[in-house]
Amino acid sequence: MNVINRRNFLRMLGAGGIALASGNVVATPRKKNEKVCNIKPISGSWIEFRHSASEGNLWNEALTQFTADQWRRKIFEMHDFGLEYLVLMGVAMKGRPFYPSRLAPKIQMGCEDPLEEILSAADECGIKFFVSNDFWGDLDAFTMMVDKDVQKLRFAAMEEIAEKYSHHESFYGWYFPNEAMLQPYFVDACLDYVNACADMAQRLVPNCVNMIAPYYIKVARNDAHFVRQLEKMNIDIIAYQDGVGATHSKLEDISGYYEILYKAHAKASRARLWADLELFYFADGNGGNLLSADFDTRILKQMEAISPYVDKILCYQYLGLINKPETDIVAGPESTFKLYRDYTAWHDKYLEQHRNEL
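Residues numbered from 1 in each chain as written. Predicted model: local features only at pLDDT ≥ 70, side-chain atom pairs only at ≥ 80, totals over all residues. Heavy atoms only, no water.

Some remarks on the overall build of the chain
Along the backbone of the chain there are 11 helices and 12 strands. Burial statistics for the chain: of 358 residues in total, 59% are counted as buried. With an accessible surface of roughly 14,200 Å², the chain has 49% of that area assigned to carbon and sulfur atoms. (Helix = DSSP H or I, 4+ residues; strand = E, 2+ residues; numbered from the N terminus. Buried < 20%, exposed > 50% of the residue type's maximum accessible area, 1.4 Å probe, protein only. Areas by Shrake-Rupley, 256 points an atom, 1.4 Å probe, with all protein chains shown as cover.)

Observations concerning the environment of D236
Along the chain, the position of D236 falls in the loop between helix 8 (224–232) and strand 8 (237–241). Taking the relative accessible area as the measure of exposure, D236 reaches 3% and is therefore buried. With 28 residues separating them along the chain, D236 and C208 place their C-alpha atoms 9.2 Å apart. Within the structure, D236 has its side chain in polar contact with the backbone nitrogen of N210 (distance 2.8 Å). (Polar contact = N/O pair within 3.5 Å; in protein donor to acceptor, adjacent residues only side chain to side chain.)

What about unusual backbone geometry?
One can expect most non-glycine residues to show negative phi and most peptide bonds to be in trans. Here the residue pair D134 and F135 is connected by a cis peptide bond, since its omega of 20 degrees sits within 30 degrees of zero. Mapped onto the elements, F135 comes out in the loop between strand 5 (128–132) and helix 5 (141–146). Cis geometry is found at the peptide bond from Y316 to Q317, where omega equals -15 degrees. Inspection of the secondary structure puts Q317 in the loop between strand 12 (313–316) and helix 11 (335–353). Positive phi values are uncommon outside glycine, yet N207 reaches one of about 70 degrees.

A word on the side chain of N323
Locating N323 in the fold gives a position in the loop between strand 12 and helix 11. Relative accessible area serves as the criterion here: at 0%, N323 is assigned to the buried category. From its side chain, N323 meets the backbone oxygen of A331 in a polar contact 2.8 Å long. Within polar-contact distance, the side chain of N323 engages the side chain of T336 at 2.9 Å. What N323 contacts, discounting residues up to four positions off in sequence, is K74, E77, Y318, I329, V330, A331, G332, T336, F337 and Y340. (Contact = heavy atoms within 4.5 Å.)

Looking at the packing of aromatic side chains
By the definition in use, this model includes 23 aromatic pairs. Three or more aromatic residues link up through ring pairs in this structure, and these residues are F81, F295, Y318, Y340, Y343, W346 and Y350. (Phe/Tyr/Trp six-rings, centres within 6.5 Å; stacked < 30°, edge-to-face > 60°.)

Concerning the pattern of salt bridges
The tally for this structure, following the rule as stated, stands at 13 salt bridges. The residue E326 makes a salt bridge to K324 at a minimum N-O spacing of 3.9 Å. A residue is classified by how much of its surface remains accessible, and E326, at 59% relative accessible area, is exposed. Judged by its relative accessible area of 24%, K324 is partly exposed. Note that D342 and K338 form a salt bridge whose closest N and O atoms lie 2.6 Å from each other. Separated by 4 residues within a single helix, D342 and K338 lie in helix 11, roughly one turn from each other. A relative accessible area of 39% means that K338 is categorised as partly exposed. When salt bridges that share partners are traced, they join D69, R73 and D328 into one network. (Salt bridge = Lys/Arg side-chain N within 4 Å of Asp/Glu carboxyl O.)

Observations regarding the packing of helix 10 (residues 295–306) against helix 11
For the pair helix 10 and helix 11, interaxial distance at closest approach is 11 Å and the crossing angle is 50 degrees. Compared by their axis directions, helix 10 and helix 11 come out oblique. In the packing of helix 10 onto helix 11, the handedness of the crossing is right-handed. Facing F295, I299, L300 and M303 of helix 10, the residues of helix 11 in contact are L339, D342, Y343 and W346. The residue makeup of the contact of helix 10 with helix 11, split by class, is 7 nonpolar, no polar and 1 charged. (Axes fitted to C-alpha atoms, helices over the stretch in contact; angles between N-to-C directions. Parallel < 35°, antiparallel > 145°, perpendicular 65-115°, else oblique. Left-handed = near helix turned anticlockwise from the far one by under 90°. Nonpolar A, V, L, I, M, F, W, Y, C, P; charged D, E, K, R; others polar.)

Quick word on the packing of helix 8 against helix 9 (residues 254–268)
Running from amino to carboxyl end, helix 8 crosses helix 9 at an angle of 55 degrees, the nearest separation of the two axes being 9 Å. By the angle class used here, helix 8 and helix 9 are oblique. Helix-helix and strand crossings are classified by hand; for helix 8 and helix 9 the assignment is right-handed. Contacts between helix 8 and helix 9 involve F226, V227, L230 and E231 from the first element and L261, A264, H265, K267 and A268 from the second. Class assignment for the residues of the contact of helix 8 with helix 9 results in 6 nonpolar, 1 polar and 2 charged.

Take a look at the structure:
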């Protein structure tokens, strides 16, 4: 999905959802004088079959041509990188599915059923997938949320996806990708949408774990109204976008934003607090192709700022922004190899420091 739309998708909306009955499990904030070896690694990533043309021009053609074997090996590559979770952004684009469906004509790709291939590969290597339930309309955000015909199509797709793919061990849960903008609260119309999706998800795949990823955390508040909203949300995990790549947030400010969210989540004792760390920057400043940010000067600092307050750090995203140097399955420019090398060098040190805990 277009990252501009991803961050600005609901200018007039918000999203939410209720968590596990066991309550919230939140991170204990790290004291400022503790060693940076307590920085949390990247545990997962979003994944797409195709991105918007304006931002994914450097990797869309490659993804479209991936064969079944290439998708399978790419999942194993991500697992070897250290990813435990993958979050599928969309099962469709503008109403056309990426998998064989009775609901609409399939988008033609180099693989007949890429959803089957990535879930099968994840079964083999132990990755947990959050599977998307959208994008089934080419409509504005508000209409997508409230239009009953769109909702019927979305729910029909969830039934079809559950029937075809929920037998996979890797089918861990659902991701509701119409992401919400904090302003500074969630808006009721979007809460209704998320709770309806969550109800359908639990009926189709009992005990699934569901997630949303709101954005614009710079206006987040730890007050009674926001806490009450969190208490009402029928969602298990909220992975807030840090906004650094999208230029919504300044790097030096995100620690304070996540601290506010941490305190609110601790009061609500509902959805678990995760992070959606943005690996990219825009080639044209505020738009254009997405490019990989530098690990040492930016991404590592994002990880350090976020780590004290969240359970897990996911990233947006591996595909297109990271490639293993020796791979023959390349999606993105050569600069993606450097991010792989720099992160894995740090991650090797992390594993050595924590070998007795893992």
